[in-house]
Amino acid sequence: MTTTQLKHYLQFTDLTADEYAYLFARTALIKQKFKAYEKHHPLVDRTLAMIFEKASTRTRVSFEAGMYQLGGSVVHLTTGDSQLGRAEPIEDSARVISRMVDLVMIRTFGQDKIERFAEYSRVPVINGLTNEYHPCQILADIFTYIEHRGSITGKVVAWVGDGNNMANTWLQAAELLGFTVHVSTPSGYEIDPAVAGVKRGSYQVFKDPMQACAGADLVTTDVWTSMGFEAENEARKKAFADWCVDADMMRAAKADALFMHCLPAHRGEEVEAEVIDGPQSVVWDEAENRLHVQKALMEYLLLGIQK
Ligand code: CP
């Protein structure tokens, strides 16, 4: 049902730097058309299946609205309202769903599940968040950085908090696009470079989050407890107490540093209200840009490069 070579987007490393350059330029054009109420319907008669095994606001709305805006339609499935929650093998689900739609977006737990789905899928599969990676979010974050400050190549991104799926994906992006990540996590919640699959050089580890922020072009964080880790919530609140992005950390960064958070946010935990609601924060642009980058991504996976 696709017209280009089958290509999945399961990790940030699934695309090349050249493909990202194309996607960022294409996103700018698609966003401009959206703002001008100009129709852009390259995916008429195409259907996206969205499979959610975890909760979502931004990913659900941006993929669903995005597909409609591209002229296509959407099927929404959750574990609770499909056979996915009743132990139908993922390989069988992939075989069946991918015979009926043109594109699949999945939010699930282990990366192995989405990899298995993709192996048996006839159509492109997009990672809408797994325990290990969140590539669509980093795609939006980097586009947002470029919109506000230009190229991210050579810049420093400070990651303050959990060594989670966002941190792993920032590491992958840094190695691919040529910037550096300063990582500071509490003890016991460190990044695992083997999961990101990166070599030392594109990242540096700091015990003190203030040092990680020093001279940074972008400071970013995420909730202390990601979905699926709720049982650890109380322990994490104690461990992460010093990993709250505050005005002092932003002052340690460059004067024109931006603040990002993939949302949802907990003010007073991983970020102080004066930072996320302050002048350096671009979190609303960041959230909106999920829509625009994913429209460019869906178009690219289904149709390839558009002139
Ligand atoms: N940032 C993000 O993925 O948001 P949702 O969990 O609301 O989709």
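Criteria and thresholds
- Residues numbered from 1 in each chain as written.
- Predicted model: local features only at pLDDT ≥ 70, side-chain atom pairs only at ≥ 80, totals over all residues.
- Heavy atoms only, no water.
- Near = heavy atom within 4 Å.
- Polar contact = N/O pair within 3.5 Å; in protein donor to acceptor, adjacent residues only side chain to side chain.
- Areas by Shrake-Rupley, 256 points an atom, 1.4 Å probe, with all protein chains shown as cover.
- Salt bridge = Lys/Arg side-chain N within 4 Å of Asp/Glu carboxyl O.
- Helix = DSSP H or I, 4+ residues; strand = E, 2+ residues; numbered from the N terminus.
- Buried < 20%, exposed > 50% of the residue type's maximum accessible area, 1.4 Å probe, protein only.
- Lys, Arg positive; Asp, Glu negative; His and termini not counted.
- Contact = heavy atoms within 4.5 Å.

Caption draft 1: Representation of the site of the ligand in the model. Taken together, S56, T57, R58, T59, R107, H134, Q137, C262, L263 and R290 are the residues near the ligand. One nitrogen or oxygen atom from the main chain of L263 is found 3.1 Å from a nitrogen atom belonging to the ligand. R290 is positioned such that a nitrogen or oxygen atom in its side chain is 3.2 Å from an oxygen atom of the ligand. The protein chains hide 95% of the 250 Å² of surface that the ligand would expose on its own.

Caption draft 2: Representation of the pattern of salt bridges in the model. Under the counting rule described, the total for this entry stands at 17 salt bridges. One salt bridge connects E147 with K31, and the closest N-O pair in it is separated by 2.8 Å. A residue pair is termed long-range when its members are at least 10 positions apart, and E147 in helix α5 (residues 135-149) and K31 in helix α1 (residues 17-35) qualify at 116 residues. With relative accessibility at 37%, the residue E147 sits in the partly exposed group. For E288, the salt bridge goes to K31, with nearest N and O atoms at 4.0 Å. Of the two residues, E288 sits in helix α12 (residues 283-303) while K31 sits in helix α1, which places them 257 residues apart along the sequence. Judged by its relative accessible area of 25%, E288 is partly exposed.

Caption draft 3: Quick peek at the side chain of E286. Position of E286 among the secondary structure elements: in helix α12. No salt bridge is formed by the buried E286; its nearest oppositely charged neighbour, R290, is found at 8.1 Å. Within polar-contact distance, the side chain of E286 engages the backbone nitrogen of H261 at 2.9 Å. Setting aside its immediate chain neighbours within four residues, E286 contacts Q137, A140, D141, T144, M260, H261 and C262.

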